[in-house]
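Survey of secondary and tertiary structure
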Amino acid sequence: MTDLHRLSIRELTEGLANAKFSARELTEHYLKRIEKIDAQVNAYVTVTAEQALAQADAADALRQAGGAGVLTGVPIAHKDIFCTQGIKTTAGSKMLDNFISPYDATVVAKGRKTAGLVTLGKVNMDEFAMGSTSESSYFGATKNPWALDRVPGGSSGGSAAVVAADLAPFATGTDTGGSIRQPASFCGLTGLKPTYGRVSRFGMIAYASSLDQGGPMARSAEDCAYLMNVMAGL
């Protein structure tokens, strides 16, 4: 299938469950799109192709064994503010360019271990989440996929851009004063800042701990609901 990136989360889960395509095929499809398109958008800081394919193969094996969950094998991108074991976590800053966390943020762990999501990589953001345009990252500005001369909003601009450009079906973001809601509106998506405390902040690099909250970004409210349930551990 050439249009896998246009399927909703529900359609992806049904396709995987009915063996219309495998998790590996789906992951390879997204990795090819990233390789082809992301240079224009600059949404990804790190693409974890080798690990993503290994996770996809594990998801396919789990599905064949009858142990898969609803979202097992669905790809995801994580805002580069969530710690990821063995994968660079930068928060958009030169200071953390070489930081590799020894553990996963709770949100990441729930996605990978509990839900079986496949991590495509880590996405760009305003440095330490202090911005609203995604232009202040050490790794360069992220562009709005709908108009490359415009900003995608911030600080979760990379999360919004990967979904809007169909470089990931959904993505995690964080919101302190609008950092999910504003880029979602700029890129024509749905984004949610959950009630404070609903989503664990463990392993999420802090900006303002009394206001920071992780949340989902996707093309629709239904797609967001799938990821919201994973992030909240429901």
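So, here is what we can say about the structure in this document.

How each quantity is defined
Residues numbered from 1 in each chain as written. Predicted model: local features only at pLDDT ≥ 70, side-chain atom pairs only at ≥ 80, totals over all residues. Heavy atoms only, no water. 1 Å grid on protein atoms, 1.4 Å probe; cavity = no way out; pocket = protein on both sides within 12 Å on 5 of 7 lines; lining within 4 Å. Points joined across faces, edges and corners; volume = space filled by probe spheres on them. Helix = DSSP H or I, 4+ residues; strand = E, 2+ residues; numbered from the N terminus. Nonpolar A, V, L, I, M, F, W, Y, C, P; charged D, E, K, R; others polar. Core = buried A, V, L, I, M, F, W, Y, C linked by side-chain atoms within 4.5 Å. Buried < 20%, exposed > 50% of the residue type's maximum accessible area, 1.4 Å probe, protein only. Contact = heavy atoms within 4.5 Å. Salt bridge = Lys/Arg side-chain N within 4 Å of Asp/Glu carboxyl O. Expected span 1.5 Å × (residues − 1). Phe/Tyr/Trp six-rings, centres within 6.5 Å; stacked < 30°, edge-to-face > 60°.

A separate point is the layout of surface pockets. Taken as a whole, the largest pocket holds about 210 Å³ of empty space. The wall of the largest pocket is formed by G69, V70, L71, K110, T114, A115, A225, Y226, N229, V230, G233 and L234. Going through the elements one at a time, helix 4 (106-114) and helix 7 (221-232) are the ones with two or more residues in the lining of the largest pocket. When residues of the lining of the largest pocket are assigned to their parent elements, the largest contribution, 4 residues, is made by helix 7. Residue composition of the lining of the largest pocket, grouped by class: 7 nonpolar, 4 polar and 1 charged.

By size, the foremost hydrophobic cluster in this structure holds 62 residues, and its most contacted members are Y44, V74, L117, V162 and F170. Beyond its immediate chain neighbours, meaning those up to four positions away, V162 contacts A43, Y44, A77, V123, L167, A168 and A171.

Counted by the stated rule, this structure contains 9 salt bridges. Close ionic contact of R181 with D175 constitutes a salt bridge, the shortest N to O distance being 2.8 Å. For R181, a relative accessible area of 42% corresponds to the partly exposed category. Overall, D175 belongs to the buried group, its relative accessible area being 0%. Here the salt bridges do not stand alone but share partners, grouping R6, D166 and R219 into one network.

Quick reminder: α-helices carry 3.6 residues per turn. Residues three or four places apart thus point the same way. Its 12 residues place the ends of helix 7 16 Å apart at the C-alpha level, agreeing with the 16 Å of an ideal helix rising 1.5 Å per residue. The complete set of buried residues in helix 7 reads D223, C224, Y226, L227, M228, V230, M231 and A232. Buried residues along helix 7 sit in contact with helix 1 (9-17), strand 2 (75-79), helix 4, strand 4 (170-175), strand 5 (190-191) and strand 6 (213-218). Once helix 7 ends, the next one or two residues include G233, with phi positive near 75°.

Here we come to the packing of aromatic side chains. Overall, the coordinates contain 2 aromatic pairs when judged by the stated rule. Between Y103 and F202 the ring centres are 5.3 Å apart and the planes differ by 35°, which places this aromatic pair in the tilted class. Remark: F202 occurs in the loop between strand 5 and strand 6 and Y103 occurs in the loop between strand 2 and helix 4; sequence separation between them is 99 residues. Classification of Y103 as partly exposed rests on a relative accessible area of 34%.

Attention now goes to unusual backbone geometry. Cis geometry is adopted by the peptide bond preceding S155, which originates at G154 and carries an omega value of 5°. As for its placement among the helices and strands, S155 is situated in the loop between strand 3 (118-123) and helix 5 (157-164). At S134, a position not held by glycine, the phi torsion is positive, near 65°. One can find S134 in the loop between strand 3 and helix 5.

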